[in-house]
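# Structural description and commentary
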Amino acid sequence: MVIMTCYRIVLIYLIFAIICVKTEEETVQKMTKAERRSLREESRRMFYHAYNAYMDNAYPADELMPLSCKGRWRGVTPSRGDMDDVLGNFSLTLVDSLDTLAVMGDFSEFSRAIKLVIHDVTFDHDIIVSVFETNIRVIGGLLSAHVLAMALKTEVPALQWYNGELLAKAENLGKRLLPAFNTSTGIPHGKVNLRHGVRWMTESRETCTACAGTMILEMAALSRLTGNPIFEQKAHKAMDGLWKIRHRTSDLMGTVINIHSGDWVRRDSGVGAGIDSYYEYCLKAYILLGDEKYLARFIRHYNAVMKYISRGPIMLAVHMHRPHLQSRNFMDALLAFWPGLQVLLGDVKPAVETHEMLYQVMQRHTFIPEAFTSDFQVHWGQHPLRPEFLESTYFLHRATGDDHYLQVGKTVLKALQQYTRVPCGYAAVNDVRTRIHEDRMDSFVLAETFKYLFMLFGEDKDLPIKLEDYVLTTEAHFLPLWLATDGKNSTLNIRVDDEDDDKYRKTCPNTATLDSEKVRRPMRQMLGSSAARPPARLLPLNDPRQVHALSDMGISVLTLPDGRVQLLYTTNTAKSAKDAAEGLTFMREMSKWNSLSEMENGVIAAGVKFNEKIYPAGPGLFGKEITGNERYMSTAVYVIPNDACSQIENSHDIAGKIAIATRGQCTFAQKVRNIQETNAQLVIILDNVKDSSHESTALFAMSGDGKNDIRIPAVFLFSKEGNALIEALNNDPEQFIVIGEFKSMKQEFENTCEDKDLEPVQDKESFDHLKKVLSQLVAQFELTLSSDDQKCEEPTDAYLTSKQGENVCKIASNDGD
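Residues numbered from 1 in each chain as written. Predicted model: local features only at pLDDT ≥ 70, side-chain atom pairs only at ≥ 80, totals over all residues. Heavy atoms only, no water.

## Some words on the overall build of the protein
We apply this condition: Segments assigned H or I by DSSP are reported as helices when at least four residues long, segments assigned E as strands when at least two residues long, and all are numbered from the N terminus. For each residue, the accessible area found with a 1.4 Å probe, counting protein chains only, is set against the maximum for its type, and the residue is called buried under 20%, exposed over 50%, and partly exposed in between. Note on contacts: a residue pair qualifies if any of its non-hydrogen atoms lie within 4.5 Å across the two residues. Methods summary: accessible areas were calculated by the Shrake-Rupley approach with a probe of 1.4 Å, and residue burial reflects only the protein chains presented.
A count of helices and strands for the protein gives 24 helices and 33 strands. When the 817 residues of the protein are sorted by exposure, 60% land in the buried category. Across the protein, every contact between residues at least 6 apart in sequence was considered, and the portion connecting residues at least 24 apart equals 72%. Here the protein has roughly 34100 Å² of accessible surface; of this, 51% comes from carbon and sulfur atoms.

This is the structure:
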């Protein structure tokens with residue numbers, strides 16, 4: 001009770017401090033028409049710098065390599081693995097960017113480019129391509145250019161020659177994709193051979209949810225434009241197949257599916273990579289086709305996402321079958337499309353909040369990294385010039401009319417110009433921390449990134465078409481709304497089950513009473529509005545640069561004799577009132593993240609048993625999941641080399657046994673991938689951070705690298721528990737080790753009782769255990785308040801103390817080292 005009372009006092013003082021510390025309200029600078037026109041023209045010049053570099057140095061190759069200043073060809077330039085599945089030697093970048101030329105009003109080049117595609121592009125190649133990418137980029141690009149050319153030809157002399165040739169090419173390609181849909185579930189293969197279909201494709205068992213669920217717009221448009229219903233029928237069947245395998249309790253979807261059985265291979269459920277455009281196409285299928293079945297489905301999914309995945313502005317993936325548990329502690333850049341989708345639904349307030357969170361991430365790192373943690377640290381540092389954040393910025397500006405989003409677009413534009421422009425186009429960023437370039441310029445840079453910039457700064461009168469007459473696909477291609485009345489829907493309506501779903505039926509964004517600045521301001525106070533503010537739990541806290549930045553916010557860093565680091569926050573020593581508010585936000589973040597439990601982090605601990613004791617271990621977000629009463633039992637062998645970052649030299653000793661490796665040098669997933677070639681039963685990875693322990697540091701789940709080729713399970717032991725294992729093996733090399741789910745093993749071997757229906761046993765032993773737990777909590781996180789007279793009359797000072805390094809372990813990037 002004393003401890004709880006103290007925490008309540010702390011909370012009261014923190015709330016009082018939030019009220020007392022004044023913040024400088026952001027004043028959104030009104031953008032003049034002249035500046036907006038200037039930015040529009042600059043975005044136009046950016047497009048042509050990239051487009052001309054591609055046409056002059058790469059065409060008819062699929063992509064431009066901007067550092068090499070030459071084209072990227074499938075089967076000619078060095079392979080990048082699965083990344084090259086988007087390539088088909090069909091002039092991808094030109095096809096994908098055709099409609100951008102039309103949007104910018106360059107009808108002479110639009111006409112010339114169409115002629116080049118008609119004369120030069122063929123799809124009769126013995127090449128395996130991604131069905132998803134080929135659909136959204138190539139079929140979508142062909143259809144969009146066809147629709148715009150037909151709409152403009154009566155008014156534009158340069159287009160009057162056009163007679164539907166692009167539609168014929170789209171139909172030809174669509175037929176080459178059809179064999180992918182010949183599965184028992186209707187869920188298509190992830191890949192197809194453009195010449196031979198799916199014959200001889202031995203490794204085509206799995207696909208992602210987005211890959212299977214992002215076909216309906218293009219395929220339905222292709223059917224309704226050509227009069228051939230087969231494309232739309234196949235796409236509807238795929239969407240029906242996905243709907244049937246949703247989790248019936250949570251209404252969430254996983255990310256990877258076995259196309260033959262319909263079983264889930266990966267059950268992570270978020271709104272980012274692997275699932276993003278499935279949700280997008282559920283809503284847009286209703287908008288384009290008028291089929292209310294898709295609206296009903298989307299609302300079910302949307303309510304589930306907002307209930308389980310959305311945590312204010314933060315969007316963290318969960319287990320679809322256990323939606324109250326997070327499946328990872330990082331977000332990926334692809335979720336940036338979500339606020340734009342919320343605008344289409346009419347739910348603008350949470351869209352503003354999540355967009356503001358993403359803007360803070362961008363300000364901290366100049367670009368939004370491919371993946372970032374909940375405290376905005378880099379998880380994966382790449383930035384391939386993705387368009388999703390600009391997409392949401394564009395839709396929010398149209399919905400709110402707020403010039404803030406013009407300023408956001410200007411920030412993105414200037415960053416692209418300063419850090420990614422090279423003599424031969426625009427180069428992807430290999431790591432946002434170093435801003436080193438990558439020899440890569442994806443087709444979506446021309447098809448989406450520069451298109452959204454141009455449309456953001458342009459006005460409706462600058463565009464040759466009425467935007468409200470079209471739906472933008474996930475690749476920003478234009479499909480006309482009149483398709484809804486052109487042909488009958490091939491699906492049946494379904495009843496909306498949830499009573500509250502009706503509030504979203506047939507609604508358009510209504511922003512008459514929304515002041516987006518009033519939504520952003522508290523978000524900025526919560527997240528921290530200064531890009532220079534060090535995020536909570538940045539390591540090391542005693543770095544001179546961080547100490548200086550913290551000092552400006554009124555925070556002093558003291559190292560105690562026992563190795564703990566103490567943060568002293570005093571408002572009157574801050575550089576300014578705004579910096580003091582930033583300091584308070586920093587301290588609150590420290591408090592929040594240090595107080596998170598393992599369950600809140602979504603980590604389901606594994607257990608490692610030896611010497612009759614069970615030690616908790618972190619699971620992996622890759623490989624086989626350790627669940628229930630499943631047990632792995634064997635002796636253990638150290639791998640050579642011990643970091644397992646290269647081929648294992650003693651593989652003959654490891655087969656069928658538990659392999660032990662050490663952390664460092666490469667990712668967790670790569671270690672396990674190398675070890676599984678030895679036919680090991682399971683992998684234990686030992687921490688290389690001295691004196692780390694689960695008693696002082698929250699368990700984390702080891703992150704994967706986006707591939708799904710790992711079959712064996714892996715667990716992570718901190719140094720203290722790892723040393724105990726090493727000692728046990730030194731004493732007895734034939735020590736038998738048992739590994740399973742920690743909670744299940746505790747019940748089996750220690751007879752613990754988890755039955756909620758039983759009455760608690762209130763005896764001395766129970767209270768001793770409670771005291772031990774509380775003492776551990778206090779050791780992990782110690783927060784007190786004081787003033788000069790120690791009477792706490794004014795909430796001017798706050799202390800936060802933790803062991804050096806502890807405060808970074810719960811949500812820091814743990815993908816390897």
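## Quick word on the environment of Tyr-308
The condition that has to hold: Any pair of N or O atoms that falls within 3.5 Å is considered a polar contact. Within protein, one atom must be able to donate a hydrogen and the other to accept it, and sequence-neighbouring residues count only if both atoms are side-chain atoms.
Here Tyr-308 lies in helix α11 (residues 292-309). Along the backbone, Tyr-308 and Ser-269 are 39 residues apart, and their C-alpha atoms lie at a distance of 9.5 Å. With near-sequence residues (within four places) excluded, Tyr-308 lies in contact with Ser-250, Leu-252, Val-318, Pro-323 and His-324. Of the polar contacts made by the side chain of Tyr-308, one reaches the side chain of Lys-307; its length is 3.3 Å.

## Describing the packing of helix α3 (residues 92-103) against helix α5 (residues 131-152)
Put simply, the test is: Note on geometry: axes are lines fitted to C-alpha atoms, helical ones only across the stretch in contact, with angles between N-to-C directions running from 0 to 180 degrees. Throughout this description, any angle smaller than 35 degrees is read as roughly parallel, any larger than 145 degrees as roughly antiparallel, any in the 65 to 115 degree range as roughly perpendicular, and the remainder as oblique. Helix crossings are classified by the rotation of the near helix relative to the far one: an anticlockwise turn of less than a right angle makes the crossing left-handed, while a clockwise turn makes it right-handed. We call Asp, Glu, Lys and Arg charged. Ala, Val, Leu, Ile, Met, Phe, Trp, Tyr, Cys and Pro are nonpolar, and the rest, Gly among them, are polar.
In contact at an axis separation of 8 Å, α3 and α5 are set at 30 degrees when each is read in the N-to-C sense. One element, α3, and the other, α5, form an angle in the roughly parallel class. Here α3 and α5 pass one another in a crossing that is left-handed. Across the interface between the two elements, Leu-92, Val-95, Asp-96, Leu-98, Asp-99 and Ala-102 from α3 touch Arg-137, Val-138, Gly-141, Leu-142, Ser-144, Ala-145 and Leu-148 from α5. Split by residue class, the contact of α3 with α5 holds 8 nonpolar, 2 polar and 3 charged.

## Section: the sheet that holds strand β8 (residues 268-269)
Cut-off, in case you're wondering: Pairs of strands are assigned from DSSP output, requiring at least two bridges between the strands.
Read from one edge of the open sheet, 3 strands run β8-β11-β12, paired in antiparallel fashion. Two strands close off the open sheet at either side, each with one partner strand: β8 and β12 (322-326). Strand direction decides the pairing type here: strand β11 (residues 318-319) and β12, joined by 2 bridges, are antiparallel. Looking across to β12, one finds that His-319 is bridged to Arg-322.

## Notes on the sheet that holds strand β13 (residues 330-332)
Taken together, 3 strands build an open sheet; the order of strands is β13-β14-β15 and the sheet is antiparallel. A strand with exactly one partner marks an edge of an open sheet, and here the two such strands are β13 and β15 (378-380). With strand direction ignored, the average angle separating the axes of adjacent strands in the sheet is 30 degrees. Examined bridge by bridge, β13 and strand β14 (residues 371-373) share 3 bridges and lie antiparallel to one another. Bridge pairing links Met-331 to Phe-372 in β14.

## Observations regarding the side chain of Ser-327
Residue placement: Ser-327 occurs in the loop between β12 and β13. In terms of polar contacts, Ser-327 uses its side chain to reach the side chain of Asp-268, at 3.3 Å. Beyond its immediate chain neighbours, meaning those up to four positions away, Ser-327 contacts Asp-268, Ala-317, Val-318, His-319 and Leu-621.

## Structural notes on the UniProt feature "active site" (unreviewed entry) in the protein
Threshold: UniProt positions are given in the numbering used here, feature names are shortened, and annotations may be inferred rather than shown by experiment.
Mapped onto this numbering, the UniProt entry annotates "active site" (unreviewed entry) at Glu-133, Asp-276, Glu-370 and Glu-388. Mapped onto the elements of the fold, Asp-276 is located in helix α10 (residues 276-289). For Asp-276, the residues in contact, after removing those within four places along its chain, are Ala-210, Val-271, Leu-334 and Phe-337. In this fold, Glu-388 is placed in helix α14 (residues 388-400). Glu-388 gets classed as buried once you look at its relative accessible area, which sits at 11%.

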